[in-house]
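# Analysis of the macromolecular model
Take a look at the letters that make up each chain.
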Amino acid sequence: MQDNSEIIDKLKQIIKEKGLKYTKQREIIFETILNSDAHLNADELNMIIGQKYPDEKIGIATIYRALAFLEESNLISSIALDKDGKKFEPNTKTHHDHLICVKCNKIIEFLDTQIERKQEKIAKENGFKLLNHTMYLYGVCKDCQD
Ligand SMILES: [Zn+2]
Ligand SMILES: [Zn+2]
């Protein structure tokens, strides 16, 4: 398992700065997102956490609240999907863009240096200081085409 101690410390610091009480539940939810390679929605998180931490009794409402808090704190990002709701991933991942299947909601990650460079060039040409970008390409995946 990867070492999440540094980013978990950041979570603790943010909670402290906001004057909130530290809860183990919030940490478990964040850690589950950090340890997953997939983008997860609240229901999927609920299932994984229910299996891994049955004694913690973390309800879906707690998960929704924690997700809102983590996203607001800029620790995780979401992609909104029609059927599956919001899917979350940690902001600790290196930059990448997404292909999203509108039929099965599969998310494919990619990084193309030419696209990245082109975006920086366009920003520069417009005297624009680029801070960040997100790219979602919507379509139908290979499996859903037949
Ligand atoms: Zn698909
Ligand atoms: Zn992603």
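Please refer to the structure higher up on the page.
The sections below set out a description of the structure shown in this document. (Residues numbered from 1 in each chain as written. Chains lettered and ligands numbered in written order. Predicted model: local features only at pLDDT ≥ 70, side-chain atom pairs only at ≥ 80, totals over all residues. Heavy atoms only, no water.)

This next bit is on the overall build of the protein chain. Helix and strand content of the protein chain: 5 helices and 5 strands. Ordered by position from N to C terminus, the α and β elements of the protein chain give α-α-α-α-β-β-β-β-α-β. Taking the principal axes of its C-alpha atoms as reference, the protein chain extends roughly 50 × 45 × 25 Å. By residue count, 36% of the 146 residues in the protein chain fall in the buried class. Partitioning the contacts of the protein chain with sequence separation of at least 6, the portion at a separation of at least 24 is 50%. For the protein chain, the accessible surface area stands at approximately 9,800 Å², while carbon and sulfur atoms represent 52% of it. (Helix = DSSP H or I, 4+ residues; strand = E, 2+ residues; numbered from the N terminus. Buried < 20%, exposed > 50% of the residue type's maximum accessible area, 1.4 Å probe, protein only. Contact = heavy atoms within 4.5 Å. Areas by Shrake-Rupley, 256 points an atom, 1.4 Å probe, with all protein chains shown as cover.)

Before going further, it helps to examine the coordination of the zinc ion (ligand 2). Metal coordination angles have textbook ideals: 109.5 degrees for a tetrahedral set of four donors and 90 or 180 degrees for an octahedral set of six. Here the zinc ion (ligand 2) is held by the protein donor atoms His-39 (NE2), Glu-89 (OE), Glu-89 (OE), His-96 (NE2), His-98 (NE2) and Glu-109 (OE), which lie 2.1 to 2.7 Å from it. Metal-centred angles of 52 to 174 degrees between the 6 donor atoms at the zinc ion (ligand 2) mark the site as irregular. Each donor residue of the zinc ion (ligand 2) belongs to the same chain, and together they define the spacing H-x49-E-x6-H-x1-H-x10-E. With a gap of 50 residues between them, His-39 in the loop between helix H2 (24–34) and helix H3 (42–52) and Glu-89 in strand E2 (residues 85–90) connect regions that are remote in the sequence. (Donors = N, O, S within 2.8 Å, 3.2 Å for Na, K, Ca; no water. Tetrahedral: all angles 85-135°; square planar, octahedral: opposite > 155°, others 65-115°.)

Our next topic: the coordination of the zinc ion (ligand 1). On the protein side, the zinc ion (ligand 1) has Cys-101 (SG), Cys-104 (SG), Cys-141 (SG) and Cys-144 (SG) as donor atoms, found 2.3 Å from it. Taken together, the 4 donor atoms surrounding the zinc ion (ligand 1) define angles of 105 to 114 degrees at the centre, an arrangement classified as tetrahedral. By relative accessible area, which is 8% here, Cys-141 ends up buried.

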